[in-house]
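Breakdown of the fold
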Amino acid sequence: MHDRLIQLNAEYAASIDDDRLEDWPGFFTENCLYRVTTRDNYRRGMPAGLIYADTRDMLADRVLSLRKANVYETQSYRHVIGMPRILPAPSDRGPKVATSFVVMRINRQGHTDIFASGEYLDIIETHGDAMLLRERDVVCDSSRIDTLLALPL
Amino acid sequence: MHDRLIQLNAEYAASIDDDRLEDWPGFFTENCLYRVTTRDNYRRGMPAGLIYADTRDMLADRVLSLRKANVYETQSYRHVIGMPRILPAPSDRGPKVATSFVVMRINRQGHTDIFASGEYLDIIETHGDAMLLRERDVVCDSSRIDTLLALPL
Amino acid sequence: MHDRLIQLNAEYAASIDDDRLEDWPGFFTENCLYRVTTRDNYRRGMPAGLIYADTRDMLADRVLSLRKANVYETQSYRHVIGMPRILPAPSDRGPKVATSFVVMRINRQGHTDIFASGEYLDIIETHGDAMLLRERDVVCDSSRIDTLLALPL
């Protein structure tokens, strides 16, 4: 279980960092929940502060928009993902998992900065051999979120 | 063994990053050694250059002081912890383990910088099902240490 | 297999970060391939853009040069290495593996910045109990590469 979660996150990150965004929705279940918010908003009960999608199709639409905007032409990303912690109380659907992440951004001039850090709060579903994200709440540490945040985290 | 060390570090980091500092002393044995120093000092044989505590109670006192000072109101932290390396020569008490870490700091304005990096040098004790830190030397790469370093690393 | 790859990368990183550079060539096979390039060059089919070595002896020579130049007197490094992804198509020699990395640099004044990030693209050979790097392509995200890049990554 633990090893497969680690693998899931490594593949998830590589799809973004290698600019294979079209693969990214495939890590989610058909009906899913992908939300991005800040830590402050999350604690105030606003988990969908910045981005909200509840089907895999919505995620695919998001990728299409990004391709049109050519965001990936001008910069690239590098994820560092920590070890998953399986939380004591599972959901109806499957285990709840919390995982730290940090994302670096490398701009066209070659400068690297820390783009975002925070925690993934996931609900995991197992479909045969595959593990999929039923829910991924991306809770960002920083309250100052870049306007480019339409990018997958 | 290896998996449990990874889990220990993930839980340890989460207690700090989630601002559950009161849980932090619980990762150590009753009589323990928690020391923070710089790499330069460590090589000169000064492992207790900056912070020294040798009981779990001292660690709890440290947390109380931090709460009074409200340090966590103004910033947050994000650990990235590498894979533990079990060193060839164990101690009398249990295995010696070395593990890289990097800690990001996110300030109230939302700016993120690298707060500290370095290596944990641990002696691990196993108590029934639990793994505890008998010793944790936090050896920081940088010689310039922030005055806020009373914070757990 | 997966656990041993993780261990290999942890030991590899520690040899550099602990300034035990003389141990570094020992992670490669006698005849090997160590190349450093940028992501842009790699995509253009130029995997040897910056550094090229094809024997363990060449790597040892590189370390000797670094010692003469005293580069490690003035700064230190800290690797953060992600989880290895075993790629679907193996090579003749052994499995192909892709692994994210980020390297921090700490200068003498104690300032830390992100020195490099990118991906290791490896071919792994197993010799008895040991796993060795038959090939390691270091593909850096940034096109702006520091002139000190003779340093192992």
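As a reminder, the structure under discussion sits directly above these lines.
Rules of the game
- Residues numbered from 1 in each chain as written.
- Chains lettered and ligands numbered in written order.
- Predicted model: local features only at pLDDT ≥ 70, side-chain atom pairs only at ≥ 80, totals over all residues.
- Core = buried A, V, L, I, M, F, W, Y, C linked by C-beta atoms within 7 Å.
- Buried ≥ 20, exposed ≤ 12 C-beta atoms within 10 Å, placed from the backbone.
- Contact = placed C-beta atoms within 7 Å.
- Least-squares fit on C-alpha atoms with pLDDT ≥ 70 in both.
- Helix = DSSP H or I, 4+ residues; strand = E, 2+ residues; numbered from the N terminus.
- Nonpolar A, V, L, I, M, F, W, Y, C, P; charged D, E, K, R; others polar.

Brief notes about the nonpolar core
Side chains of a nonpolar character, in soluble globular proteins, are inclined to be buried together. Counting residues in hydrophobic clusters, the biggest one holds 102 residues, and the most contacted among them are A:Val103, A:Met104, B:Val103, B:Met104, C:Val103 and C:Met104. Those residues within four positions of C:Met104 in sequence are excluded, and the remaining contacts are B:Val102, B:Ile114, B:Ser117, C:Tyr77, C:Arg78, C:Thr112, C:Ile114 and C:Phe115.

Points about the relation of the copies chain A and chain B
One copy of the chain maps onto the other through a rotation about an axis plus a displacement along that axis. Placing chain A over chain B gives an RMSD of 0.0 Å and needs a rotation angle of 120°, together with 0.0 Å of translation along the axis. The superposition operator between the copies reduces to a three-fold rotation axis. A distinct binding surface is used by each copy, with only 7% of the interface residues of chain A retained as interface residues in chain B.

Topic: the interface of chain A and chain B
Contacts between chain A and chain B engage 15 residues on the former and 17 residues on the latter. Listed by contribution, the elements that provide at least two residues to the side of chain A that touches chain B are strand E5 (96–107) and strand E6 (112–127) of chain A. Looking at the side of chain A that touches chain B, the element that brings in the most residues is E5(A), giving three residues. For the side of chain A that touches chain B, the class distribution of residues is five nonpolar, six polar and four charged.

A look at the relation of the copies chain C and chain A
For the pair chain C and chain A, the superposition axis carries a translation of 0.0 Å, the fit reaches an RMSD of 0.0 Å, and the rotation angle comes to 120°. Residue by residue, only 7% of the interface of chain C is reproduced at the interface of chain A, so the copies engage with different surfaces.

Topic: the environment of C:Ser143
One can find C:Ser143 in the segment after strand E7 (130–140). C:Ser143 gets classed as partly exposed once you count the C-beta atoms within 10 Å, which come to 16. Among all residues touching C:Ser143, those that are not within four sequence positions of it are A:Gly110, C:Thr38 and C:Asp40.

Concerning the interface of chain C and chain A
Chain C puts 15 residues into the contact, and the matching count from chain A is 17 residues. Mapped onto the side of chain C that touches chain A, the elements with two or more residues apiece are strand E5 (96–107) and strand E6 (112–127) of chain C. Ranked by residue count, the leading element in the side of chain C that touches chain A is E5(C), at three residues.

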